[in-house]
Amino acid sequence: MELAVLFFLTSGLFLGWSLGANDAANVFGTAVGTQMIRFSTAAIICSLFVILGAVISGGGAAHTLGRLGAVNALPGSFMAALSAAVSVYLMTKLGLPVSTTQAIVGGILGWNLFSETRTDITTLTTILSTWIICPILAAVFAIILFKLVDKLLKVTRLHLLRTDAYTRLGLLLAGAFGAYSLGANNIANVMGVFIPSSPFTDFSVAGLFSVSSTQQLFLLGALAIAVGVVTYSKRVMTTVGGRLLPLPPVAAWVVVVAHSLVLFVFASEGLEALLLRAGLPTIPLVPVSSSQAVVGAVIGIGILKSGRTVQWNVLGSIGLGWLATPILAGILCFVGLFFVQNVFNQQVYRPIPYTVSDAVIGHLDRAGVPVAGLREHTNRSYGSAREFATVLDGVSDLTAKGRDRVMIAAEIDEMLVDISRFAELDGTWLTHDQLESAYSLASESYRHRWQLAEALAAASPDWRMLEDNRANKAHNKDLGKKLDSLYRAFRKLR
Amino acid sequence: MAPARNTMFAKNLTLFRRTKALESQIDDFLNKLSQSALVFRRAVDIYLAEGATAEFEEKLSQVNELESQADKLRRSVETQLYAQTLIPESRGDVLGLIENLDSVLNLCEGGLWAFSIEKPDIPAEFHADYRALTEQVVNTVESLVLASRAFFRNIEAVPDHMHKVMFYEKEADKVSTKLKKAIFATDLPLSHKAHLRNFVEHIDNPADKSEDVADRLAIYTIKRTV
């Protein structure tokens, strides 16, 4: 790996470190602050499970973040992560319940703005709505859990000391679960921006299991989080743990479990598949704020226990966090990118060109998008998403959804099916037929991603998307990820 | 990985075993207090009927023994609570509770020692009232023991016992006031009167202390249920 690459990753590692230093306190803060668990025990468990969670189930939430904006040049990723890390640091100084999630979203939006890349509004609304749902859901979970535990304690009539011993064990287990969920949900914040420009390649260990480039990135990020936990979280745990949450141990346990459940449901692909199979509505896989989940859970218990009115100043500070963090990160990122580009002469983004060729028109026509208004713009090239979007503004018969499809179809992403790059593909993940059909396209070139997808679909039924309904959602999603790995392998400009 | 998990598991098992041992030590301690109160009543009965006989001395040494056992248990419980950083939230409260309960026991012992050393001459006309006073005092201590047990095992039942502590203590006060008035209404020499009054107080002391402990216990209970 080049030294420069490693340098650019450092901002992500810094972000990971500050996440570890701050958010580990959400998981183990009360337990350590109230002396229920020793810090050394908490740090070891927390580090271990953050790493496991990040590597095993970190992918789900990262995918959503990737859709918001694919930062496609390492110096750009560096700046997005750095601006997020600096924002987290500044907001922590101000004492606001800060979230790395909101910071990194701001950073990505800043990059989108600077590079004139299209922001996926649907994804953005999904992410924004989960920020509001997250603390509410945490409060609901906390209320339900608290009622159950309270009932259980009354029925079992445990000795004070026995309750204490069980709570201790419970805090340890809940902390492990919380750390796992934190790793799974928040690793996307730390390393998500580096995925499109990842310097790693997939490899498999003795043919037993394969480690994707994303997982290697996540492992690196998780190690940074672990270092943050070990080196700095003790201070945060002992001060914040006692001050923010003056709760009895059993209530503290409820808070940790509620927080962990929320992070888990927003990260688990397994849960999503389960909900799909059961025919229930699924939960978007989005990185959410661990701190705000904790605040939500505490408010839930507050409502339940004393019937006191909601503390509006706490809610106010959450709202301020929602607003101020992404804006600050966005501005920092935009300004920073300007410097990196013009002072240090680094390419902070790879411009994404667009063209409306006859092939694109044909593709859109087949998909049922009205193309009449587009014809006058055929065979012209556009240098950026913004430029192309201005053109599309003049096309009157396009709906918002149709517009998105035109943007995706017209995006130029030059690819060559290069035999030598097959080594980067994961042979155990793709089916035999899928690999064979990809081989059959050797030496072919494509200008658009959908062209490769269509060629593959024509070559093998294994590459065909199924009808878009609930039952097929998991299959199509998996296929989409496999296609993404092919795009990454065969892309000409990397 | 596997051995590490095994030791962790083993550690938890020992944690629960130690917890169990500590629970039974606290129970034991409360048993000692309750037994001392019962022996206290028996000893006063014997003294009033027969004076400081060998049987009375035997009861006194029984309370002595119970007191020193209770002291050992108290120290052991206190050390473990702090050495193992158990119940960090209620540790101080439990410590305060146990020490105060121990001083109730000490007062029972002290009263009997006073009988043994000073051998008061109690006229027969007062015997019934001394017995009634002892009865109420023992009831107070017994209720306090129940309230304390509930504090550890069933916090919601604490008030059920607490009001009895208050009730019996009030009764004991009434009897002691009545008895003191009666003593000072007689023609006995003042020194004798004063001596008799002292013994009313020796018997009543554990009840007064019990009330103080109950007041503290009420606060500890509120702290734990809020």
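Up top is the structure these notes are about.
Residues numbered from 1 in each chain as written. Chains lettered and ligands numbered in written order. Predicted model: local features only at pLDDT ≥ 70, side-chain atom pairs only at ≥ 80, totals over all residues. Heavy atoms only, no water.

Visitor: Would you mind showing me how to read the nonpolar core here?
Guide: A general trend in soluble globular proteins is that nonpolar side chains are found buried together. Judged by nonpolar contacts, the single largest core of 93 residues is most densely connected at Phe28(A), Ile187(A), Val193(A), Phe194(A) and Leu217(A). When residues in this core are grouped by element, the largest group, eleven residues, is from helix 1 (residues 3-33) of chain A. (Core = buried A, V, L, I, M, F, W, Y, C linked by side-chain atoms within 4.5 Å. Buried < 20%, exposed > 50% of the residue type's maximum accessible area, 1.4 Å probe, protein only. Helix = DSSP H or I, 4+ residues; strand = E, 2+ residues; numbered from the N terminus.)

Visitor: How should I be thinking about the packing of aromatic side chains in this particular structure?
Guide: The description of an aromatic ring pair uses the distance of the two centres, along with the angle that the planes make with each other. For the structure shown, the criterion picks out 18 aromatic pairs over all chains. Feature note: the residues Tyr47(B), Phe56(B), Phe115(B) and Phe199(B) constitute an aromatic cluster, connected by ring pairs. When the ring centre of Tyr487(A) is taken as reference, the NZ or CZ atom of Arg449(A) above it lies at 5.9 Å. Taking the ring centre of Tyr82(B) as reference, the NZ or CZ of Arg91(B) above it sits at 4.5 Å. (Phe/Tyr/Trp six-rings, centres within 6.5 Å; stacked < 30°, edge-to-face > 60°. Lys NZ or Arg CZ within 6 Å of the ring centre and 35° of its normal.)

Visitor: What's the story with the environment of Leu430(A) in this structure? I'm lost.
Guide: All names here are of chain A. Of note, Leu 430 is situated in the loop between strand 5 (415-416) and helix 16 (432-439). Under the relative-accessibility criterion, Leu 430 is labelled buried at 5%. A sequence separation of 72 residues divides Leu 430 from Asp 358, and the C-alpha atoms of the two residues are 32 Å apart. What Leu 430 contacts, discounting residues up to four positions off in sequence, is Leu 425, Leu 435, Trp 463, Lys 482 and Leu 486. (Contact = heavy atoms within 4.5 Å.)

Visitor: Can you help me understand the interface of chain B and chain A in this one?
Guide: By a widespread convention, an interface's size corresponds to the accessible area lost as its parts come together. Contact residues are listed per partner, giving 27 residues for chain B and 20 residues for chain A. Summing the contributions of chain B and of chain A, the shared interface buries around 2100 Å²; its carbon and sulfur component is 63%. Along the contact surface separating chain B from chain A lie two salt bridges. Between Glu156(B) and Lys154(A) there is a salt bridge, with its nearest N and O atoms 3.5 Å apart. Applying the counting rule to chain B against chain A returns four residue pairs in polar contact (both at pLDDT 80 or more). If you list the elements that add at least two residues to the side of chain B that touches chain A, you get helix 1 (2-50), helix 3 (91-118), helix 4 (127-153) and helix 6 (190-225) of chain B. (Buried area = accessible area lost by both parts, 1.4 Å probe. Salt bridge = Lys/Arg side-chain N within 4 Å of Asp/Glu carboxyl O. Polar contact = N/O pair within 3.5 Å; in protein donor to acceptor, adjacent residues only side chain to side chain.)

Visitor: Where do I start with the side chain of His448(A) in this structure?
Guide: All names here are of chain A. With respect to the helices and strands, the residue His 448 is situated in the loop between strand 6 (445-446) and helix 17 (449-459). Take His 448: its relative accessible area is 1%, and that puts it in the buried class. For His 448, the side chain forms a polar contact with the main-chain oxygen of Ala 409, separated by 3.2 Å. If we ignore the near neighbours within four places in the chain, the residues touching His 448 are Thr 355, Ser 357, Val 360, Ala 409, Ala 410, Glu 411, Ile 412, Asp 413 and Met 415.

Visitor: Is there a simple way to think about unusual backbone geometry in this case?
Guide: Most of the time, phi is negative for any residue but glycine, and the peptide bond is trans. Located in the positive-phi region is Arg157(A), a residue other than glycine, with phi close to 50°. Inspection of the secondary structure puts Arg157(A) in the loop between helix 6 (121-156) and helix 7 (160-191). The backbone of Ile87(B) sits at a positive phi, close to 25°, despite the residue not being glycine. Within the secondary structure layout, Ile87(B) lies in the loop between helix 2 (54-83) and helix 3.

Visitor: I'm lost on the pattern of salt bridges in this one. Help?
Guide: Side chains that differ in sign of charge can pair as their charged atoms come close. Overall, the coordinates contain 22 salt bridges over all chains when judged by the stated rule. Between Arg449(A) and Glu411(A) there is a salt bridge whose closest N-O contact spans 3.3 Å. Of the two residues, Arg449(A) is situated in helix 17 and Glu411(A) in the loop between helix 15 (400-410) and strand 5; the sequence distance between them amounts to 38 residues. Glu411(A) sits in the buried class, given a relative accessible area of 13%. A salt bridge links Glu99(B) to Arg74(B); the nearest nitrogen and oxygen atoms lie 3.7 Å apart. Of this pair, Glu99(B) sits in helix 3 while Arg74(B) sits in helix 2, and the two are 25 residues apart along the sequence. Using a relative accessible area of 38% as the deciding quantity, one classes Glu99(B) as partly exposed. Here the salt bridges do not stand alone but share partners, grouping Asp71(B), Arg74(B), Glu78(B), Glu99(B) and Asp102(B) into one network.

Visitor: How should I be thinking about the packing of helix 2 of chain B against helix 3 of chain B in this particular structure?
Guide: Helix packing for two helices is described by the angle between their axes and how far apart those axes are. Residues and elements named next belong to chain B. The N-to-C vectors of helix 2 and helix 3 enclose an angle of 165°; their axes lie 10 Å apart at closest approach. The angle between helix 2 and helix 3 places the two elements in the roughly antiparallel class. Here the hand of the crossing between helix 2 and helix 3 comes out left-handed. Taken together, the residues that form the contact of helix 2 with helix 3 break down as 14 nonpolar, four polar and nine charged. (Axes fitted to C-alpha atoms, helices over the stretch in contact; angles between N-to-C directions. Parallel < 35°, antiparallel > 145°, perpendicular 65-115°, else oblique. Left-handed = near helix turned anticlockwise from the far one by under 90°. Nonpolar A, V, L, I, M, F, W, Y, C, P; charged D, E, K, R; others polar.)

Visitor: What is the right way to read the environment of Asp23(A) from this model?
Guide: Residues and elements named next belong to chain A. Take Asp 23: it is sitting in helix 1. For Asp 23 and Val 98, which are 75 residues apart along the polypeptide, the C-alpha to C-alpha distance reads 9.7 Å. Once residues lying within four places of it in the same chain are set aside, the contact partners of Asp 23 are Thr 100, Leu 182, Asn 186, Ser 290 and Ser 291.

Visitor: Even after reading the chapter, I still don't get helix 18 (residues 473-490) of chain A, so can you show me in this structure?
Guide: For an α-helix, the turn length of 3.6 residues means that residues three or four places apart are oriented alike. Residues and elements named next belong to chain A. Look at helix 18: 26 Å from first C-alpha to last across 18 residues, which is about the 26 Å you get at 1.5 Å a residue. Of all the residues in helix 18, the buried ones are Asn 476, Leu 479, Gly 480, Lys 482, Leu 483, Ser 485, Leu 486, Tyr 487, Ala 489 and Phe 490. Of the surrounding elements, those touching the buried residues of helix 18 are strand 5, helix 16 and helix 17. (Expected span 1.5 Å × (residues − 1).)

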